[in-house]
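Structural characterization, general
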Amino acid sequence: MTLKFFNTATRTKEDFIPLREGEVGMYVCGVTVYDLCHIGHARSAIVFDVLVKYLRARGFRVTYVRNFTDVDDKIIDRAKQLGKDPKALAEEFIQAFYDDMGKLGILSADKEPRATEHIQGMIDMIVALIDKGFAYVEGTDVFYSVEKFSGYGELSGRRLEDMKAGSRIAVDERKRHPMDFVLWKGAKPGEPQWSSPWGPGRPGWHMECSVMSGHFLGSSFDIHGGGEDLLFPHHENERAQSIAANGGRFARYWIHNGFVTVESEKMSKSLGNFLTIRDALHMYHPEVLRIFLLSKHYRSPLDFSKSAVLGLQAGLVRMYRTLQRLDQMVGPDKDKGAGPLPSSLAAPKKDSFLDQFVQTLDDDLNTANAIALLFEKVKEMNKIMDSPLDDSSKAKLSLERRHLFVAASVLGFLHEEPEVFFEALSASAHTADSGEVEKLIEERKSARKSKDWARADAIRRQLKDMGIVLEDGPKGTTWRYDV
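As a starting point, this report considers the structure included with it. (Residues numbered from 1 in each chain as written. Predicted model: local features only at pLDDT ≥ 70, side-chain atom pairs only at ≥ 80, totals over all residues. Heavy atoms only, no water.)

Re unusual backbone geometry
Put simply, the rule reads: Runs of H or I in DSSP of at least four residues are treated as helices and runs of E of at least two as strands, each being numbered from the N terminus. Partly exposed describes any residue whose relative accessible area lies between the buried limit of under 20% and the exposed limit of over 50%, with all areas from a 1.4 Å probe on protein chains only and scaled to the type maximum.
Look at the link from F232 to P233: it is a cis peptide, with omega at 5°. Positive phi is not limited to glycine here, since D351 has a value of about 65°. Mapped onto the fold, D351 is located in the loop between α9 (306-329) and α10 (353-362). Taking the relative accessible area as the measure of exposure, D351 reaches 60% and is therefore exposed. Positive phi, close to 60°, is recorded for D364, a residue that is not glycine. Here D364 is to be found in the loop between α10 and α11 (367-385).

Next comes the structure, spelled out in structure tokens:
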């Protein structure tokens, strides 16, 4: 099967044909570093981490670029609130990003530029846009004229004549069209600033990604990625200014991941459901979070709930229990931890497990179905181990375990020894209040005594959602964490 991606620009699933055979240039919009990253950031980072790992395992040479926005209104405002220097605040949250993403097993990009490192390149592009008639100067500010670019709106599927100044776009009477956007902002007192032909100031948000992607990948490259929330106006504006300044197609394939909600509501600090990666890591093992964030197709919305996460945790536990069993019955895997070698998935044996895995991820990076394949393979391996083993079946199990590790390494889990995983999982799972557990068990005991079986079953399900397993025996009911 040919590798295919859903291209946001064409709204169709297309064969992936890179500009240069065997090579892929990919740019993904990074974070604005004014706060800790939340689980929505984690989903995006994990999706593109898997994409890079998969492309490399399929034999491509990938240049992966992911930026940091380290100068922005949000950073400046937050620094004022905290009484900090904006540069120091940005650096603090860049380091926090590395700490959080590292715990989730997310690799650093090949190039990780910061906006403040490319100011001169942004000034040069703005000058080119003015010279070509796509931008105009108003005082110390410079604006992009969307009416001058005939393809404006094509990426997001919007018509310029239907657009209005939205909630994310400041209304400014100096604009010739409500959708015109700022390329250069004149400096206010006390703000970070750089010299320019239009006076001291700083670039607009959209400008930085156009310049940094072009610097490392050229005016046309293969893949541009990011969260769905960036499609408009950020990516639309990036595309418009890049093509106007440099020609070419800019990005050839646009890949956007869907939103993360919490208990069916949009994440918001005002609603009290804003979940940072650090918050989530206090509650769940990093590999549990990772498998959960990959459990739906990347373009689909994903709802974060305790029961949903624990459901995926149970599946990961079964995988690690299977690895324990394999160690006991077949012996340890001497290549454990090696992960997939370069090009390890370039030409899998036809109709094999790895061939199925490749076909699944070739179809628009369908990690949900890929995880289901791993679960099914684990089930098959346990079935073999339920019968007496001979040398042939042991050899088969050893090979299938190696293939399981290759596939899981692309997705980013099964990296730990089972005993280490279970110990860490127990530590992260011990968040349920033992007094609450005991109280519910007593309620269940009373319900069973009065033959209220519906209530007793409901309590068991409630405890299961809390990660608690009940074991009824002759001496009563005991409980343990589901690890």
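Some words on the packing of aromatic side chains
Centre distance and the angle of the planes are the two values used to describe a pair of aromatic rings. Put simply, the rule reads: Aromatic rings from Phe, Tyr and Trp, taking only the six-membered ring of Trp, are treated as a pair when their centres fall within 6.5 Å; an angle between ring planes under 30 degrees marks them as stacked, one over 60 as edge-to-face, and anything in between as tilted. The criterion is that NZ of a Lys, or CZ of an Arg, lies within 6 Å of the ring centre and within 35 degrees of the ring normal, and then a charge sits over that ring.
On inspection of all chains with the given rule, the structure shows 17 aromatic pairs. Seen in terms of ring centroids, F97 and Y98 are 5.9 Å apart; in terms of plane orientation they differ by 75°. Their pairing is edge-to-face. Overall, the relative accessible area of 4% leaves F97 in the buried class. Looking at Y98, the relative accessible area reads 28%, which means it is partly exposed. For the pair F250 and W254, a centre-to-centre distance of 5.9 Å together with 55° between the ring planes defines the contact as tilted. Of the two residues, F250 and W254, neither departs from the other in class, the shared state being buried. Positioned above the aromatic ring of F375, the side-chain terminus of R318 is 5.9 Å from the ring centre.

A word on the environment of P348
Where we set the bar: The criterion used for residue contact is that any of the two residues' heavy atoms lie within 4.5 Å.
With respect to the helices and strands, P348 occurs in the loop between α9 and α10. Expressed as a C-alpha distance, the spacing of P348 and V358, which sit 10 residues apart in the sequence, is 8.0 Å. When sequence neighbours within four positions are dropped, the list of residues in contact with P348 reads L354, D355 and V358.

Re the environment of Y34
As for its placement among the helices and strands, Y34 is situated in the loop between β3 (23-28) and α1 (39-57). Sequence separation between Y34 and K74 is 40 residues, and the spatial gap between their C-alpha atoms is 6.4 Å.

Some details on the packing of α10 against helix α12 (residues 391-411)
The cut-off we apply is this: Interaxial angles span 0 to 180 degrees and are taken between N-to-C directions of axes, which are lines fitted to C-alpha atoms, for helices over the stretch in contact. Any angle between 65 and 115 degrees counts as roughly perpendicular, while under 35 counts as roughly parallel, over 145 as roughly antiparallel, and the rest as oblique. Here a crossing is taken to be left-handed if its near helix is turned anticlockwise relative to the far helix by less than a right angle, and right-handed if that turn runs clockwise. Amino acids outside the nonpolar list (Ala, Val, Leu, Ile, Met, Phe, Trp, Tyr, Cys, Pro) and the charged list (Asp, Glu, Lys, Arg) are all regarded as polar, and Gly is one of them.
At a closest axis distance of 9 Å, the pairing of α10 and α12 adopts a crossing angle of 20°. As judged from the angle between their axes, α10 and α12 are roughly parallel. Viewed along their axes, α10 and α12 form a crossing whose handedness is right-handed. From α10, F353, L354, F357 and L361 reach across to α12, where they touch H403, L404, V406, A407, V410 and L411. Here the residues of the contact of α10 with α12 sort into 9 nonpolar, 1 polar and no charged.

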